[in-house]
Amino acid sequence: SSRSYISVYGRYFFKSPSLSCKFRSSVVRAEWLSAYHIKCLLPLKKSAKIYVSNNGIQFTTHGVMLNVLPVFSVESYEQILRPPIVEGTQLTIRGNHFHESISYQCDFDNDILVDAIFIDSHMVYCRISPAMKRLSPKPFKLCQGRTHCFNAGIFPLNITNASPV
């Protein structure tokens, strides 16, 4: 099973073996990254307040609500040719658990990043410039930040299989 971590940003984090995060009654050791950034293993699968401590005993008095969302998945994708007046191509990606509050990107061969546009919980799309259509086929994935990516397929698709708008 994959482990999930949360980055916590604040001030005055000390590099200490007692640096901790607390979710409900679960206390987990935090990894110090800087005086302003720590990382904690996420021990739960549902929403809770998170509290932090430099000494493992005294935790912040005002926790921050953490909403745990299900991880997205990709089921299919299609390349839609746009009318000449609009230019470019739309790469529509269908799946589950897309969230409006999360930013997604289409990552082409770990080289070209294009912001995905949220439509609903089952669809996002990336606008592809005409220049990208001339590229040789590249693997692409849909990413949530740089931490979670779902390998989606190859782009550009065979143009004869594309759906005109």
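Use the structure listed above.
The structure displayed is predicted, hence computed values, not measured ones.

(A) Here's a closer look at unusual backbone geometry. The phi dihedral of Arg24 falls on the positive side, at around 55°, and the residue is not glycine. Tracing the chain through its elements places Arg24 in the loop between strand 2 (20–23) and strand 3 (26–34). On the basis of relative accessible area, Arg24 is assigned to the partly exposed category, the value being 46%. In this structure, Asp109 is a non-glycine residue whose phi angle is positive, near 55°. Tracing the sequence through the fold places Asp109 in the loop between strand 9 (104–108) and strand 10 (112–120). Owing to a relative accessible area of 37%, Asp109 belongs among the partly exposed residues under this scheme.

(B) Local environment of the environment of Pro130. On the secondary structure map, Pro130 appears in helix 1 (residues 130–133). Measuring from C-alpha to C-alpha, the distance between Pro130 and Thr89 comes to 7.0 Å, with 41 residues separating the pair along the chain.

(C) The arrangement of the side chain of Ser53 in detail. For Ser53, the location among the structural elements is in strand 5 (residues 48–53). Looking at Ser53, the relative accessible area reads 3%, which means it is buried. Within polar-contact distance, the side chain of Ser53 engages the side chain of Asn55 at 3.0 Å.

(D) Up close: the pairing of strand 3. Both strand 2 and strand 3 contribute to a ladder of four bridges, which runs antiparallel. Residue pairing for strand 3: Cys21 is matched across the bridge by Val28. Where strand 3 folds back on strand 4 (residues 37–41), the antiparallel hairpin that results is connected by two residues.

(E) Seen up close, the sheet that holds strand 2. With respect to topology, six strands assemble into an open sheet ordered 1-4-3-2-5-6, the strand pairing being antiparallel. Strand pairing shows two members of the sheet lacking a second neighbour, strand 1 (5–9) and strand 6 (64–66), which therefore form its edges. Ignoring strand direction, the axes of neighbouring strands in this sheet form an average angle of 35°. When strand 2 meets strand 5, the two strands line up antiparallel, connected through four bridges. Counted as the bridge partner of Lys22 is Tyr51 from strand 5.

Parameters and conventions
- Residues numbered from 1 in each chain as written.
- Predicted model: local features only at pLDDT ≥ 70, side-chain atom pairs only at ≥ 80, totals over all residues.
- Heavy atoms only, no water.
- Helix = DSSP H or I, 4+ residues; strand = E, 2+ residues; numbered from the N terminus.
- Buried < 20%, exposed > 50% of the residue type's maximum accessible area, 1.4 Å probe, protein only.
- Polar contact = N/O pair within 3.5 Å; in protein donor to acceptor, adjacent residues only side chain to side chain.
- Pairing = 2+ DSSP bridges.
- Axes fitted to C-alpha atoms, helices over the stretch in contact; angles between N-to-C directions.

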